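Residue-level structural notes
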Amino acid sequence: MKLSKEINRRRTFGIISHPDAGKTTLTEKLLLFGGAIQEAGAVKSNKAKKGATSDFMEIERQRGISVATSVLAFEYKDIKINILDTPGHKDFAEDTFRTLTAVDSVIVVIDVAKGVEAQTEKLVEVCRMRKIPMLVFINKLDREGKDAFDLLDEIEQKLHLKVTPLSYPIGMGYDFKGIYNIWEQNINLFTGDPRKDIEDTIEIKDLATPELDELIGKDAAQDLREEVELAQGVYPDFDKNAYINGDLQPVFFGSALNNFGVRELLDCFITIAPPPLPKVSEEREVRPEEEKFTGFVFKIHANMDPKHRDRLAFVKIVSGKFERNVPYLHVRNNKKLRFSSPNAFFAEKKEIVDVSYPGDIVGLHDTGNFKIGDTLTEGEQMHFKGIPSFSPEHFRYINNADPMKSKQLEKGVDQLMDEGVAQLFKLEINNRKIIGTVGALQFEVIQYRLEHEYGAKCTYENLNVHKACWVEPEDEKSEEFKEFKRVKNKFLAKDKKGQLVFLADSSFSLQMTQQKYKNIKFHYTSEF
C-alpha cells in the first residue's frame, strides 16, 4: 500500500527550451512556490556573485548558461516534485537527450518575443518520438512579443503539436494586465512587483460579468471575451488522456521573472502530470509498482565538490524501492554493490536518504564502477535501453601541455568522458587521443575543468573529420572487412568501450566507403 501511495505522489519532469527563454528562472520560481528556497538569485547578476540555484558549476556562473543537468527535489501540496533542469545550449544537447530518458513529462518554455527557436524544435522532436507528455509555458509576457494566436499557431506548425490554451493573457508588454486562468476560471492581475505575494486571484466563472469591466477596463475586457471565445472555438477542450499519451499539449502564459503565472502552471501540472511511468528494458516492460528495485544511470558527474574528488552517478529509480546499505546487482559488471550514503539533491546541496521510490533520482558515490546506461537491480539480468552516444560533430587531438601532470590528465579525461561530456577515440595507427564533441563550447568546458578540477593542462590540435561512424561488419573474418581495415587504417579508431569507429574526413569519402563495402554497416549512434 505504502509503495503505490509514494508512487502516486511523485512527479518527475524535465524543463527544456532554447537558451535564454527563461528556463532556469522558471525552475527557480517553482522552487520558491514549493518553499524550497526563500529568495531567488538573479541568474545573470555576476556582480552579486549569487548565481541561480540550479547552476552550480563555476563555468556556468561565469557564462550565465546551464551546462550540466541539475536535479532539484521539493514538496508542494503533498506532492514530491523532481525537476531535471537541462542545458538549453545546443553544444550540450547530448546531456539533455540523455536526461529525457529519465523524465515522465516535460515543460517546454518559449520566449514570447522570439517564439519557437531551433533548439526547441530538436528537443520537442525527441519528446514526440518518445511520446513524453508535454506542457508549454510561454514566458516573458511583461515584454513586447508576438500575439497569443500567432504563438499558438507557430507552436502547432513548427513543433507539430496539438495545443489547447489553459490560460490566456490580458494584453502584453506595456499593456499587460494579467492572465485569465481558463483551467481554474479566475483572473490574476499583474502588478509588476515580483516581491508581492500573488495569491490574490479573483474568481470569475463567467466572462460576461460586468465585474470584469471594472477590474481591467472596458476595452481590455471586451478583447479578452472575444479572444477566449475564439480560442475555445478553435482549439480542442483539454483531455487528460490525450495529454498523457502525448497527443495534446496544454499551454500556459506568464512571466517567470515576475513570479507571474507560475503558481497556476504548478497547480495544474501536479493535477494532470503522470506519476512515474513504466519503462521498457531489452528483456521486458518494467512497472513502477513492482516490488523489486530496478534503476538506471543516466548521468555521471565528476567533482560535484572539487575539494573531494568524488563522482556521483545519477540513478533514476524505475520500480520498487531503493534502500541504503542494501546490496544491489550492477548488471554490466555482474557484481553486488552496497551504498552507504545515497544522496537526494537540491542543486549542489545533497542529503543522505534511507529510502527512495520510483520517480526519484538518487546520487550514488562512484569510484569508477559506473558508466552511463548501466542498470542496477535486485538480481535480475536486465538492460534499460534508449541512452545512446551520438556521433560527434567536432573533433580535435588532445595534447598534454604539462608533462609533469600526465597522470592527472589521463585521470581527468577518463572521468570526464565517463560523464558523457564528450567522447574519446584512440587512433589505431598511433594511439593518439582524439576528443569528439557535439558542440564546440564543450572543448572549453573540458579544458577549464581539467585545469581547475584535476590540475592538468591540455592543448588542442585541429583535425579534419566530417563524421564518426561506429562500424559493424557482417563477418569479422571476411576478406572484405580485412581489406577495409587495411585500406582505411589511418582513419580507424577505438572508442572508450573498444568499439571500432571510422573517422570519415568528408561526406564524399563516407559515401564512397559505404558503397564499396556493402557488408559493413556504419552507425551514427553507438547503440546499434
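Reading guide: rules and limits
Residues numbered from 1 in each chain as written. Predicted model: local features only at pLDDT ≥ 70, side-chain atom pairs only at ≥ 80, totals over all residues. Heavy atoms only, no water. Buried < 20%, exposed > 50% of the residue type's maximum accessible area, 1.4 Å probe, protein only. Helix = DSSP H or I, 4+ residues; strand = E, 2+ residues; numbered from the N terminus. Pairing = 2+ DSSP bridges. Phe/Tyr/Trp six-rings, centres within 6.5 Å; stacked < 30°, edge-to-face > 60°. Lys NZ or Arg CZ within 6 Å of the ring centre and 35° of its normal. Axes fitted to C-alpha atoms, helices over the stretch in contact; angles between N-to-C directions. Contact = heavy atoms within 4.5 Å. Patch = residues over 30% accessible without salt bridge, like charges linked within 9 Å, V, L, I, M, F, W, Y side chains within 5 Å. Areas by Shrake-Rupley, 256 points an atom, 1.4 Å probe, with all protein chains shown as cover. Salt bridge = Lys/Arg side-chain N within 4 Å of Asp/Glu carboxyl O. Lys, Arg positive; Asp, Glu negative; His and termini not counted. Charge placed at Lys NZ, Arg CZ, Asp CG, Glu CD. Expected span 1.5 Å × (residues − 1). pLDDT = per-residue confidence, 0-100.

Named according to an unreviewed UniProt entry, the chain is Peptide chain release factor 3 originating from Haloflavibacter putidus.

Overview of the pairing of strand β30 (residues 500-504)
Summarising burial for β30: five of the five residues are buried, a large majority. Examined bridge by bridge, strand β28 (residues 467-473) and β30 share four bridges and lie antiparallel to one another. Following the sheet pairing, C469 is matched in β30 by F502. Hairpin remark: strand β29 (residues 492-494) followed by β30, antiparallel, with five residues in the connecting loop; positive phi at G498, about 85°.

Description of the packing of aromatic side chains
Applying the stated criterion across every chain yields a total of 19 aromatic pairs. Ring centres of F293 and Y328 lie 4.6 Å apart, and the angle between their planes is 50°; this geometry places the pair in the tilted category. Highlighted residues: F293 in the loop between β13 (285-286) and β14 (294-302) and Y328 in strand β17 (residues 328-330), separated in sequence by 35 residues. With respect to burial, F293 and Y328 carry one shared label: buried. An aromatic cluster is present here, built from F481, F484, F491, F502, Y517 and F522 joined pairwise through their rings. One Lys or Arg, R432, reaches over the ring of Y397 and ends 3.9 Å from the middle of that ring.

Points about the sheet that holds strand β27 (residues 458-462)
With respect to topology, eight strands assemble into an open sheet ordered β27-β24-β26-β25-β29-β30-β28-β31, the strand pairing being antiparallel. Unpaired on one side and paired on the other, β27 and β31 (520-523) mark the two borders of the sheet. Within the sheet, the average angular offset between the axes of one strand and its neighbour, ignoring direction, is 40°. Of the pairings in the sheet, the one linking strand β24 (residues 394-400) to strand β26 (residues 433-437) comprises four bridges and is antiparallel in character. Pairing of H394 across the sheet is with T437, part of β26. Along the sheet face, helix α14 (residues 507-516) touches β28, β30 and β31 and points at about 130° away from the line of β30.

So, a negative patch on the surface
A cluster of acidic residues, D219, D223, E226 and E229, forms a negative patch at the surface. With respect to the helices, strands and loops of the structure, D219 is situated in helix α8 (residues 218-234).

Some remarks on helix α6 (residues 148-159)
Compared with an ideal rise of 1.5 Å per residue, which puts twelve residues at 16 Å, α6 spans 16 Å between its outermost C-alpha atoms and is within 8% of the ideal. Of the residues one or two after α6, H160 is the one with positive phi, at around 55°.

Things to note about the confidence of the model for the chain
Here the chain averages 80 in pLDDT, while 84% of its residues score no lower than 70. For the chain, helix α3 (residues 58-63) is the element with the lowest average pLDDT, namely 52, and β29 is the one with the highest, namely 92. Scored below 50 in pLDDT, residues 39-51 makes 21 contacts in the model with residues more than four places away or belonging to other chains.

Focus on the pairing of strand β15 (residues 311-319)
Extensive coverage of β15 is indicated by the burial of nine of its nine residues. For β15 and strand β22 (residues 361-366), the ladder comprises six bridges, and the chain directions are antiparallel. Residue pairing for β22: R311 is matched across the bridge by D366.

What to know about helix α12 (residues 441-454)
An α-helix turns once every 3.6 residues. As a result, residues three or four positions apart point the same way. With 14 residues, α12 should cover 20 Å at 1.5 Å per step; its first-to-last C-alpha distance of 19 Å lies within 8% of that length. Looking at α12, one finds that the buried residues are L441, Q442, F443, V445, I446, R449, L450, E453 and Y454. Downstream of α12 by one or two residues, G455 has phi in the positive range, about 65°.

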